[in-house]
Structure formats: structure tokens, C-alpha cells
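# Inside the fold
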Amino acid sequence: MVSILVIDDDPAMTDLLKIILSSNHMEVIVANDGKSGLTFLENSTPNLIILDLLMPELDGWKVCRTIKHDYRIPILILSAVDSPSMIAEALDAGADDYLIKPVSSISLLAHINNLIR
């Protein structure tokens, strides 16, 4: 079973992702802030991380850099940020893919499947 860690401070978004991904036979672990996400990684290795950029305290760019420095796990940024410079910054920080919220479940699943191949 594919294991996905979702790091996003919006409980409505994490609940929605959990419903979509679980119904597609994926195990979903939720962390509602960057620090909790990094703590989870100390003891477990998911197949993929879905990461939001705009979070308090430890933002997604910092979380992405830390994960890419310490782990070899694909990262899919899922963010409302639609600025070319910020998208480029996220990709430069190590993100493997970038989707802008809102995204269709079909598109999300296609990007996930591409990253975990």
C-alpha cells in the first residue's frame, strides 16, 4: 500500500485529501504543521509527501529543504500560491512537482502516480 504524508495546516484540506487518497487505497498520515511532519519522518518513511507552503512557524519551503537534505522521498507541493517566482523557489528547494489549489482529484492522483513510479 502506498503511504502518503500530508503536511498542511488546514484541517479541511487534510480531511479532503484523506478522503480522496484513502478511497484510492492509499494510507494517509496527516501532520498539521511542518515540525510535526518532520518529527513523523524520524520514525517512518512514506512513499510521498504532499506539502503546503504557507504554514505558520516552519513554512513549506524550509520543510522541503530539510526533507530533501535528510531523505530521498518525493515531494508534491499543493499550494494556493500561484506566483511563478514562488513556484520556482519551491522547485529550487527540492520539490519534485507543484500543483495549485484547488486541483481536481483526477489530476492529483495522476501526479501522485507519476511521482511514485
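Description of the structure in this document. (Residues numbered from 1 in each chain as written. Predicted model: local features only at pLDDT ≥ 70, side-chain atom pairs only at ≥ 80, totals over all residues. Heavy atoms only, no water.)

## So, the side chain of Asp 52
Cut-off, in case you're wondering: Under the DSSP-based scheme used, a helix requires at least four consecutive residues in state H or I and a strand at least two consecutive residues in state E, with every element numbered from the N terminus. For every residue, the accessible area obtained with a 1.4 Å probe (protein chains only) is divided by the maximum for its type, and the residue is called buried under 20%, exposed over 50%, and partly exposed between those limits. Contact between two residues is taken to exist if any of their heavy atoms lie within 4.5 Å; hydrogens are not considered.
Assignment of secondary structure puts Asp 52 in the loop between strand E3 (48-51) and helix H3 (60-70). Exposure remark for Asp 52: the relative accessible area of 5% places this residue in the buried category. Setting aside anything within four residues of it in sequence, one finds Asp 52 in contact with Ile 7, Asp 8, Asp 9, Gly 60, Leu 78, Ser 79 and Lys 101.

## A short note on the sheet that holds strand E5 (residues 97-100)
Whenever strands of a sheet pair, they do so through backbone hydrogen bonds, lying parallel or antiparallel. Stated formally: Strands are treated as partners if at least two bridges between them are detected by DSSP. Structural elements are reduced to axes, namely lines fitted to C-alpha atoms, with helices fitted over the stretch in contact, and the angle between N-to-C directions of any two is expressed from 0 to 180 degrees.
With parallel pairing, five strands are arranged side by side in an open sheet as E2-E1-E3-E4-E5. Strands with a single pairing partner mark the edges of an open sheet, and in this sheet they are strand E2 (26-31) and E5. Pairwise comparison of adjacent strand axes, ignoring direction, gives a mean angle of 20 degrees for this sheet. Note that strand E1 (residues 2-7) and E3 share four bridges and pair parallel. What sits directly across from Ile 7, in E3, is Leu 51. Seen against the sheet, H3 touches E1, E3 and strand E4 (75-79) and runs at an angle of roughly 165 degrees to E3. Helix H4 (residues 84-92) rests against E4 and E5 of the sheet, and its axis sits at about 150 degrees to E5.

## Concerning the nonpolar core
Cut-off, in case you're wondering: To qualify as a nonpolar core, a set must consist of buried Ala, Val, Leu, Ile, Met, Phe, Trp, Tyr and Cys residues joined through side-chain atoms within 4.5 Å.
Among the nonpolar cores identified, the biggest contains 23 residues, and Ile 7, Ile 49, Leu 51, Ile 67 and Ile 77 are the most heavily contacted of them. At the level of elements, E1, E2, helix H2 (34-41), E3, H3, E4 and H4 are the ones that each hand at least two residues to this core. It is H3 that contributes the most residues to this core, four residues altogether. Those residues in contact with Ile 67, other than ones at most four positions away along the chain, are Ile 7, Leu 38, Leu 41, Ile 49 and Ile 75.

## Quick word on the environment of Thr 14
Put simply, the rule is: Whenever a nitrogen or oxygen atom comes within 3.5 Å of another N or O atom, the pair is scored as a polar contact, on the condition that within protein one atom can donate a hydrogen and the other can accept it, and that pairs from neighbouring residues in sequence are kept only if both atoms are in side chains.
Relative to the helices and strands, Thr 14 is located in helix H1 (residues 11-22). On the basis of relative accessible area, Thr 14 is assigned to the buried category, the value being 3%. Those residues in contact with Thr 14 that lie beyond four places of it in its chain are Val 6, Asp 8, Val 30 and Asn 32. A distance of 3.0 Å separates a polar side-chain atom of Thr 14 from the backbone oxygen of Pro 11.

## Notes on helix H5 (residues 105-116)
Put simply, the rule is: Multiplying one less than the number of residues by 1.5 Å gives the expected span of a helix. Think of it as the arc spanned by the lines of direction from the helix axis to the C-beta atoms.
With twelve residues, H5 extends 16 Å from end C-alpha to end C-alpha; this agrees with the ideal 16 Å at 1.5 Å per step. Of the positions making up H5, those classed as buried are Leu 108, Leu 109, Ile 112 and Leu 115. Looking straight down H5, one finds that the buried residues subtend no more than 125 degrees of arc, so they occupy a single side. Tucked inside the fold, the buried residues of H5 contact E1, H1, E2, E3, E4 and E5.

## Remarks on the pattern of salt bridges
Our working definition: Here a salt bridge means any side-chain nitrogen of Lys or Arg lying within 4 Å of a carboxyl oxygen belonging to Asp or Glu.
Here the structure, examined in full by the defined rule, presents four salt bridges. The shortest N-O distance in the salt bridge between Lys 101 and Asp 52 comes to 3.6 Å. Highlighted residues: Lys 101 in the loop between E5 and H5 and Asp 52 in the loop between E3 and H3, separated in sequence by 49 residues. Take Lys 101 and Asp 52: they sit in the same class, and that class is buried. Residues participating in the shared-partner salt-bridge network are Asp 8, Asp 52 and Lys 101.

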